Amino acid sequence: PYTVDEMRQLLAHVAGTDWELIIVLGGLYGLRLSEIFGLRWRNVDLENQTFGVVEQLPFRLPPGTTYVDDMAPVKSSERTLPITDSTLPYFIRQKERQDEQKRLLTMTGETYYDSDLVLAKSNGVPRCRERVSANFGQLLRHQGLRHIRFHDLRHSCASLLLANDVPLKQIQEWLGHSDIGTTANIYS
């Protein structure tokens, strides 16, 4: 897993890019890629600063899929997580970026495929988990950062929580593990 300093470096390198919120959700919240790309705005409450991890992008979307109506249930437990004061700006920037993309496409007469996804391609089409996972390694290499798998950001999140004396039970709930034994076996 990444250390606090490595996470800070990574966040600094992706600031203002399409990677920004993806890295925040993976590294600071421990979400899986399928949960990140299945997050919809209807499950984000910016006013009360929470978001629900209640669905995920279905596996094996057919090539050319432009709109996703039915999401898959999350692999683990549904959970509601806080949007902290330090992560709120990432959510707000993503909303503003997406609203601008919609506006520009509408102006040019192009279609925006609105599945209500927080993180989608610039035309609203769902992102491909596998492509993002592969591109993550390239991102790290180009930034001169130590190589880890994207899923290791989830482990980084848990390790950092544990190092900050967050109780194992809270980490279990945060990550959505169905039982504390899974959390304890991996992180203690």
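Presented here is an overview of the structure given in this document. In this text the structure is predicted, and so the values were computed from the model without any measurement. (Residues numbered from 1 in each chain as written. Predicted model: local features only at pLDDT ≥ 70, side-chain atom pairs only at ≥ 80, totals over all residues. Heavy atoms only, no water.)

What follows concerns the overall build of the protein chain. Broken down by element type, the protein chain carries eight helices and five strands. Along the protein chain, helices and strands appear, N-terminal first, in the series α-α-α-β-β-β-β-β-α-α-α-α-α. What you see for the protein chain is a C-alpha radius of gyration of 16 Å, in line with the 16 Å of a compact globule of 188 residues. Considered along the principal axes of its C-alpha atoms, the protein chain spans approximately 55 × 35 × 35 Å. Across the 188 residues that make up the protein chain, the buried fraction comes to 49%. In the protein chain, of all internal contacts separated by at least 6 residues, the share reaching a separation of at least 24 is 64%. Just so you have it, the protein chain exposes about 9,600 Å², and 51% of that area is on carbon and sulfur atoms. (Helix = DSSP H or I, 4+ residues; strand = E, 2+ residues; numbered from the N terminus. Rg over C-alpha atoms; globule rule 2.2 N^0.38 Å. Buried < 20%, exposed > 50% of the residue type's maximum accessible area, 1.4 Å probe, protein only. Contact = heavy atoms within 4.5 Å. Areas by Shrake-Rupley, 256 points an atom, 1.4 Å probe, with all protein chains shown as cover.)

The next thing to look at is the packing of aromatic side chains. For the structure on display, the rule yields five aromatic pairs. Ring geometry for Tyr29 against Phe51: centres 5.0 Å apart, planes inclined by 80°, an arrangement best described as edge-to-face. Separated by 22 residues along the polypeptide, Tyr29 in the loop between helix H2 (20-28) and helix H3 (33-38) and Phe51 in strand E2 (residues 50-53) bring together distant segments of the chain. For the pair Tyr29 and Phe51, one class covers both residues: buried. For the pair Phe51 and Phe91, a centre-to-centre distance of 5.5 Å together with 40° between the ring planes defines the contact as tilted. With Phe51 in strand E2 and Phe91 in helix H4 (residues 88-108), this pair connects stretches of sequence that are 40 residues apart. This pair shows no difference in class: Phe51 is buried, exactly as Phe91 is. Its guanidinium or amino end placed over the ring of Tyr90, Arg93 lies 5.1 Å from that ring's centre, counting from NZ or CZ. Over the face of the ring belonging to Trp41 we find Lys95, whose NZ or CZ atom lies 5.1 Å from the ring centre. (Phe/Tyr/Trp six-rings, centres within 6.5 Å; stacked < 30°, edge-to-face > 60°. Lys NZ or Arg CZ within 6 Å of the ring centre and 35° of its normal.)

So, on to the packing of helix H1 (residues 4-14) against helix H5 (residues 129-143). With their axes 11 Å apart at the nearest point, H1 and H5 run at an angle of 95° to one another. Judged by the inter-axis angle, H1 sits roughly perpendicular to H5. Taken together, the residues of H5 that come into contact with H1 (itself represented by Leu10, His13 and Val14) are Phe136, Leu139, Leu140 and Gln143. When grouped by side-chain class, the residues that make up the contact of H1 with H5 number five nonpolar, two polar and no charged. (Axes fitted to C-alpha atoms, helices over the stretch in contact; angles between N-to-C directions. Parallel < 35°, antiparallel > 145°, perpendicular 65-115°, else oblique. Nonpolar A, V, L, I, M, F, W, Y, C, P; charged D, E, K, R; others polar.)

Counting across every chain of the model gives 13 salt bridges. One salt bridge in this structure joins Arg8 and Asp5, with 3.5 Å as the shortest N-O distance. Taken together, the residues span about one helical turn, with Arg8 and Asp5 both in helix H1 at a distance of three residues. Judged by its relative accessible area of 54%, Arg8 falls in the exposed class. Among the ionic contacts, a cluster of salt bridges with common partners joins Glu20, Arg93 and Arg97. (Salt bridge = Lys/Arg side-chain N within 4 Å of Asp/Glu carboxyl O.)

Taken together, three strands build an open sheet; the order of strands is E1-E2-E5 and the sheet is antiparallel. With partners counted over all chains shown, the strands left at the sheet margins are strand E1 (44-45) and strand E5 (79-82), one partner each. Inspection of the sheet shows E1 paired to E2 by two bridges, in the antiparallel sense. Of the residues in E2, the one forming a bridge with Val44 is Phe51. (Pairing = 2+ DSSP bridges.)

Function cannot be read off these values alone, since they describe shape.
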